[in-house]
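Residues per chain, in single letters:
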Amino acid sequence: QKEVEQDPGPLSVPEGAIVSLNCTYSNSAFQYFMWYRQYSRKGPELLMYTYSSGNKEDGRFTAQVDKSSKYISLFIRDSQPSDSATYLCAHPQVIKAAGNKLTFGGGTRVLVKP
Amino acid sequence: NAGVMQNPRHLVRRRGQEARLRCSPMKGHSHVYWYRQLPEEGLKFMVYLQKENIIDESGMPKERFSAEFPKEGPSILRIQQVVRGDSAAYFCASSPPVRGNTGELFFGEGSRLTVL
């Protein structure tokens, strides 16, 4: 079983709709999670990180963690065509010498149609 | 402050040739990571380096792949005797020393290797 899994999509929504993205993880000890956004032919960039259970909001983006079901969600309100990208959830793991190893899900491709 | 710089952006090699991918971290970052992204797959950790040291290479294939981060110059990911299965996007990321679990990795735009 993969440590972090996502539905690959694509997920197609009309402009202005709410985009709902999900990720599952296997290890109940995981506490921190990150969402990265990757535009086509570009490198990933950090959207937001979240800790344990509950919600975290940043502008149009809301991240949720449900520890009981080992489920991570990202919601994008008032979606724009510029939100069209692949969204990757990741679990960070601090490793030796103050490093940070990220384990990524496979990513979900989102297409917001004008 | 320039971001993580990778070159070449695109590289074409024939089977059996060598591929060298270069990465210059962001200014002030001492940690370099290499990730590989196969078509339609997520990013997979390969190796973590600091200057002149390989810290964690648990994701590196045992053969043909090597990485270095010399005292001077960029980090290099080297693939010897490339095969078609090596075709992928290789991303470099950098960070300062991590404090806690929320340390961000800053990614370059990737080097896309095609093996003919």
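All of these numbers come straight from a predicted model, not from anything done at the bench. (Residues numbered from 1 in each chain as written. Chains lettered and ligands numbered in written order. Predicted model: local features only at pLDDT ≥ 70, side-chain atom pairs only at ≥ 80, totals over all residues. Heavy atoms only, no water.)

Visitor: Help me out: how do you make sense of the state of the cysteines in this one?
Guide: Here a disulfide denotes one covalent bond, and it connects the sulfur atoms of two cysteines. A complete count under the given rule lists two disulfides over all chains for this structure. At a sulfur-sulfur separation of 1.7 Å, the disulfide partner of A:Cys23 is A:Cys89. One end of the pair, A:Cys23, is in strand S3 (residues 19–25); the other, A:Cys89, is in strand S9 (residues 85–95), and 66 residues separate them in sequence. Accessibility expressed as a relative area gives 0% for A:Cys23, which makes it buried. Accessibility expressed as a relative area gives 0% for A:Cys89, which makes it buried. Here B:Cys23 connects covalently by a disulfide to B:Cys92, the sulfurs 1.8 Å from one another. (Disulfide = S-S within 2.5 Å. Helix = DSSP H or I, 4+ residues; strand = E, 2+ residues; numbered from the N terminus. Buried < 20%, exposed > 50% of the residue type's maximum accessible area, 1.4 Å probe, protein only.)

Visitor: Just checking my understanding: could you explain the packing of aromatic side chains for this structure?
Guide: If you walk through the whole model with that rule in mind, you get ten aromatic pairs over all chains. Between A:Tyr25 and A:Phe30 the ring centres are 6.0 Å apart and the planes differ by 25 degrees, which places this aromatic pair in the stacked class. Note on accessibility: A:Tyr25 and A:Phe30 belong to one class, buried. Summarising the aromatic geometry, the rings of A:Tyr25 and A:Phe33 are spaced 4.6 Å apart at their centres and angled 45 degrees between planes, so their arrangement reads as tilted. For A:Tyr25, a relative accessible area of 3% gives the class buried. Through successive ring pairs, a cluster of aromatic residues spans A:Tyr36, A:Phe104, B:Tyr35, B:Phe45 and B:Phe107. The ring of A:Tyr49 carries A:Lys56 above its face, with NZ or CZ at 3.6 Å from the centroid. (Phe/Tyr/Trp six-rings, centres within 6.5 Å; stacked < 30°, edge-to-face > 60°. Lys NZ or Arg CZ within 6 Å of the ring centre and 35° of its normal.)

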